[in-house]
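# Descriptive structure summary
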Amino acid sequence: MTNKQEIQRENKSIKKMVAFRLILIAIFGGITALDGIISPILIGKLMDNISKKEFSTSFILLVVFLLCFVLVNTSFWIWRLLSLNIRKIINKWLRSQAVASYNNHPQLQSSKILNFINVTIKQFENQIIDSVIMLIYCIEQAVITLFFVIKINPILGLTYLILGFIPAVVPFVFKKWLSKSTDRWNKSYQRYSLHTTEYFNGFYTIKRFESLLIFKDKLNNLLNDSENKYYQMDADKEHSRFVSNLLYSLSTILSLGLGVYFVSIGQLTAGALMSLYLAADRVTSPIISSIQFTNQLLSSRPLIDSCQKIISTKEKPINNIEPQKFRDDTVLKIDDGSFGYDKAIIHNLSFSASSGEKILISGRSGIGKTTIVKTMLNELKLLGGTIKYSKELYAKPIYDNIGVLAQETTIFTGTLLFNLCLGQNYPTTSILQVLHEVGLTKFANENALNMSLGEGANALSGGEKRKLELARLLLRNKKLLLVDEALSGLDKESYGQVFNLILNFPGTVIDIEHNVQPAFAKKYDKVIELDQYAL
Ligand SMILES: Nc1ncnc2c1ncn2[C@@H]1O[C@H](COP(=O)(O)OP(=O)(O)OP(=O)(O)O)[C@@H](O)[C@H]1O
C-alpha cells in the first residue's frame, strides 16, 4: 500500500470514529437534555400537590424524580467521556497530520508547524470541537424543552420560542468583526512565536554580538502586541455576549409578563406557570448558548483555514527520475543540468560517474553546491536537462542507496547507539566494525555505544561528528556518497582523516567542496570546476 493510500485509509477511519462518537454524543446528549424539563415538571407538580395538601403522592413523586436524575447524571457522565474521547482522536490526528505534511513538504517553515501543534490545535479544540459538541447539546435541550413548553400552553410556548430568537440577530451583526479579531491575533501570535524560536536558536549569536537587550525589547513588543490582540479578540466576544444577554433579559421579562396574564385570566395554574417559567429558561438559554457557539464557530474560519493549509500540504512530485540501463559501468549521468530556484544558477552541467569513481566538484561559496546535492536527491526541482541513475543505484525512496555527508551532523538526544541506528536495527558486530573503519575506535565498545550523547553532543568534536555521520552511511551500505562540503571547518588532522575516509568509501563518491588543497584534489579520479557553469 502506498503512503498516500495509507493516509487516505487512516483519514477514512478517523472520520468514521468521529462520526460514530458524534452519534453517541447526540443520543446521550438527548438524555442529558431531559434535565431541562425534569426540574420544572417536578417543581410545578410539587407546588400543585402541596397546595392541594397531597403529601403522600409528593413523596412518590420525589422517588420517581430521583431515578430520573440518576439517569440524566449517568448519561451526562458518558456524554463527557465521549466528548473527551473525540477531542483526543482529533488532536492526535491533527498533530500527526502536521508532522506528516512537514515530512512531505519540508519547505514549510518549521515554526509554522510548531505553532500549529502548540497553539492552533488547542484553539481548534476550544473553539471548534467543544463548540460543535455543545451546539448539538443546546439544540437538543432547546427542542425537547420547547415541546414541553408548547404542551403546557401552545400560545405561551410559541411566544417563548419567538422571543427566544430575538438575541439571534447578534451573530449576524458580530460575525465579520469577530472573525477579523481572531485573524489579527493569529497573525500576531505567529510573529511572536517565530521570533521567540529564533531567539532561542540564535541565543549565543545574539549574546556574543551584545544584542540581548535589543532582542528582548523586540520580543516584549511582539508579546505586547500579541496579548493586546488576544485581549481584543476576547473583549469582542464579550461585547457580543453582553448584547445577547441584554436581549435575553428582555425576552424573559416579556414572556413572564404574558404568563402572569394567562394565570390572571384563569388559563394556567400557578404550578404550571412555575413549570413553564423554569422550562422556558431552558429553551431560551440553550438558544442563546447555541447562538454564542455558532458565533464562536463563525469566527473560527481563519482557524479552519490555517488547519486546512497545514494538513492539506500534499507531497509534490519533484523530478521524474527514471532508472536507466547503461551499457558500461556508468551509475550516474547528468546532461545539460540546470540547477537553482526561481532561476537557474548553474547552467548546462554535464558529467557522468562510473561505479566506484571518486569525483570532486569544486566551486566558490554560494555558487550552488548544496543546490546541486538537493536536486540530485530529488528534493529540489531540476530546472533543465536530465539526471539519470543506474538501475542498481536508483530506488524508491531515493535515499536507499544514496547517502549524504554534509558540513553539519545532526546529533539527537540519546545514546551513541541510537544516533548510529536512528531507530533501525543493525547487528552489534557491524556497528563496532564501522566505528573502527571511520577511526572512532575509542567508541567501538558496548559501554560507549550506550553512552548518552546529550543535547547537541558537546562530547564530540567536529571531526568526530563527521566520522559518526560516515559510520551511519557505511552501516547502511550506501552505493553513492554525495559529500556537501564535509571537509570545511576541520583542523588539519581531521581534514586528512575525513578526506581519506571519503576517498576510500566503498562506492561512488561525488564530493562537492569549496576549498580543496591541490595536493588532495589531484587524488580524485575526476575534478569538475563549477565556475564555468555559473554564468
Ligand atoms: N530556498 C532558496 N530559495 C532561493 N534561493 C536560494 C535558496 N537557498 C539558497 N538560495 C541561493 O542559491 C544560491 C546557492 O546556494 P547554495 O546553498 O547551493 O550554495 P553553496 O555553494 O552550497 O554555498 P556555501 O558554499 O556557502 O555553502 C545562493 O545564492 C543562495 O542564496
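Just so it is clear, the model here is predicted, and its values are computed rather than measured. Residue numbers run consecutively from 1 along every chain, following the written order of its sequence. pLDDT decides what is reported in this predicted model: residues at 70 or higher carry local features, side-chain atom pairs at 80 or more are listed and counted, and totals for whole chains, interfaces and linings draw on all residues regardless. In computing side-chain values, all of the structure's heavy atoms are included and hydrogens and water are not.

### Brief notes about the site of the ligand
The test is simple: Note on definitions. A residue lies near a molecule or strand when any single heavy atom of the residue is within 4 Å of it. Each polar contact in these results corresponds to two N or O atoms within 3.5 Å; when the atoms are within protein, one needs to be able to donate a hydrogen and the other to accept it, and residues that are neighboring in sequence are counted only if both atoms are side-chain atoms. All accessibility values rest on the Shrake-Rupley procedure with a 1.4 Å probe; residue burial counts only the protein chains present in the view. Numbering of helices and strands runs from the N terminus, with a helix taken as a DSSP run of H or I at least four residues long and a strand as a DSSP run of E at least two residues long. Each residue gets one label: Ala, Val, Leu, Ile, Met, Phe, Trp, Tyr, Cys and Pro are nonpolar, Asp, Glu, Lys and Arg are charged, and the others, such as Gly, are polar.
Surveying the vicinity of the ligand reveals the residues Tyr341, Ile345, Arg364, Ser365, Gly366, Ile367, Gly368, Lys369, Thr370, Thr371 and Glu485. Glycine 368 is positioned such that a nitrogen or oxygen atom in its backbone is 2.9 Å from an oxygen atom of the ligand. Between lysine 369 and the ligand, the recorded distance is 2.8 Å, taken from a side-chain N or O atom to an oxygen atom. When isolated, the ligand has an accessible area of 640 Å², and the protein chains bury 53% of it. Tallying contributions element by element places helix H11 (residues 369-376) first for the shell around the ligand, with 3 residues. Looking at the shell around the ligand residue by residue, the class counts come to 3 nonpolar, 5 polar and 3 charged.

### Let's talk about the domain arrangement of the protein chain
Where we set the bar: Note that the domain bounds were set by an automatic or database domain assignment.
What the domain assignment lists for the protein chain is domain 1 (3-311) and domain 2 (323-533). The gap between the C-alpha centroids of domain 1 and domain 2 is 54 Å.

### Topic: the side chain of asparagine 153
As a reminder, the rule being used: Only heavy atoms matter for contacts: two residues are in contact if any of them lie within 4.5 Å across the pair.
Among the secondary structure elements, asparagine 153 is positioned in the loop between helix H4 (110-152) and helix H5 (154-164). Setting aside its immediate chain neighbours within four residues, asparagine 153 contacts Phe262, Gln267 and Leu268.

### Section: a nonpolar patch on the surface
Keep this limit in mind: Patch rule: a residue counts if its relative accessible area is over 30% and it has no salt bridge; like charges are joined within 9 Å, and nonpolar side chains (Val, Leu, Ile, Met, Phe, Trp, Tyr) within 5 Å. Salt bridges, as used here, are contacts in which a Lys or Arg side-chain nitrogen is within 4 Å of a carboxyl oxygen on Asp or Glu.
Taken together, the side chains of Ile50, Phe55, Phe59 and Leu62 present a nonpolar region at the surface, about 400 Å² in accessible area. With 3 residues, helix H3 (residues 55-104) is the largest single contributor of residues to the nonpolar patch. Relative to the helices and strands, phenylalanine 55 resides in helix H3.

### Some details on the environment of glycine 259
Our working definition: Each residue's exposure class comes from its accessible area (1.4 Å probe, protein chains only) as a fraction of the maximum for that residue type: buried when under 20%, exposed when over 50%, partly exposed otherwise.
Its place among the elements puts glycine 259 in helix H8 (residues 212-264). Taking the relative accessible area as the measure of exposure, glycine 259 reaches 0% and is therefore buried. Considered as a pair, glycine 259 and leucine 273 are 14 residues apart in the sequence and their alpha carbons are 6.4 Å apart. Those residues in contact with glycine 259 that sit more than four places away from it in its chain are Leu156, Leu268 and Leu273.

### Regarding the sheet that holds strand S7 (residues 480-484)
Definition in use: One bridge is not enough; two strands pair if DSSP finds at least two bridges between them. All axes are obtained by fitting lines to C-alpha atoms, using only the stretch in contact for helices, and the reported angles, taken between N-to-C directions, cover 0 to 180 degrees.
As summarised here, the arrangement of the 5 strands in space is S6-S7-S8-S4-S9, forming an open sheet in which the pairing is parallel. In the strand order of this sheet, the two ends are held by strand S6 (402-406) and strand S9 (526-529), each with one partner. Pairwise comparison of adjacent strand axes, ignoring direction, gives a mean angle of 15° for this sheet. Against the sheet, H11 makes contact with S6, S7 and strand S8 (508-513), and its axis sits at roughly 155° relative to S7, the strand it touches most.

### Considering the packing of H8 against helix H9 (residues 270-298)
Rules: Roughly parallel covers angles under 35 degrees, roughly antiparallel covers those over 145, roughly perpendicular covers 65 to 115, and oblique covers all other angles. Note: crossing handedness is left-handed where the near helix turns anticlockwise from the far helix by less than a right angle, and right-handed where it turns clockwise.
The interhelical angle for the contact between H8 and H9, taken along N-to-C directions, is 160°, at an axis separation of 10 Å. Classified by the interaxial angle, the pair formed by H8 and H9 is roughly antiparallel. Our pair here, H8 against H9, has a crossing hand that is right-handed. Note on element contacts: H9 touches H8 through Leu273, Tyr277, Asp281, Thr284, Ser285, Ile288, Gln292, Asn295 and Gln296, opposite Lys237, Ser240, Arg241, Ser244, Asn245, Tyr248, Ser251, Thr252, Leu256, Gly259, Val260 and Val263. Along the lines of polarity and charge, the residues of the contact of H8 with H9 split into 7 nonpolar, 11 polar and 3 charged.

### Let's talk about the packing of helix H2 (residues 35-51) against H9
Where H2 meets H9, the closest approach of the two axes is 8 Å, and the angle between their N-to-C directions is 165°. Relative to H9, the element H2 is oriented roughly antiparallel. Considering the relative orientation of H2 and H9, their crossing is right-handed. Across the interface between the two elements, Asp35, Gly36, Ser39, Pro40, Ile41, Ile43, Gly44, Met47 and Asp48 of H2 pack against Gly271, Ala272, Met274, Ser275, Leu278, Ala279 and Arg282 of H9. A breakdown of the residues in the contact of H2 with H9 according to their chemical character gives 8 nonpolar, 5 polar and 3 charged.

### As for the nonpolar core
The test is simple: As used here, the term nonpolar core means buried Ala, Val, Leu, Ile, Met, Phe, Trp, Tyr and Cys residues forming a set that is joined through side-chain atoms within 4.5 Å.
Counting 40 residues, the largest nonpolar core has Leu405, Leu420, Leu468 and Leu481 as the members making the most contacts within it. Secondary-structure elements contributing two or more residues to this core are helix H12 (416-421), helix H13 (428-437), helix H14 (446-449), helix H15 (462-475), S7, helix H16 (492-503) and helix H17 (518-521). Apart from the residues lying within four places of it in its own chain, the contact partners of leucine 481 are Gly403, Val404, Leu405, Leu470, Leu473, Phe505, Thr508, Val509 and Ile510. In terms of nonpolar packing, the next biggest core, distinct from the first, is built from 31 residues, Ile346, Ile398, Ile402 and Ile528 among them.

### Quick look at the pairing of strand S5 (residues 384-390)
Two elements, strand S1 (residues 323-324) and S5, share 2 bridges in a ladder whose sense is parallel. Across the sheet, proline 323 pairs through a bridge with tyrosine 389, a residue of S5. Sheet topology note: the strand S2 (residues 330-340)/S5 ladder contains 5 bridges and is antiparallel. Across the sheet, residue serine 338 finds its bridge partner in S5, namely glycine 384.

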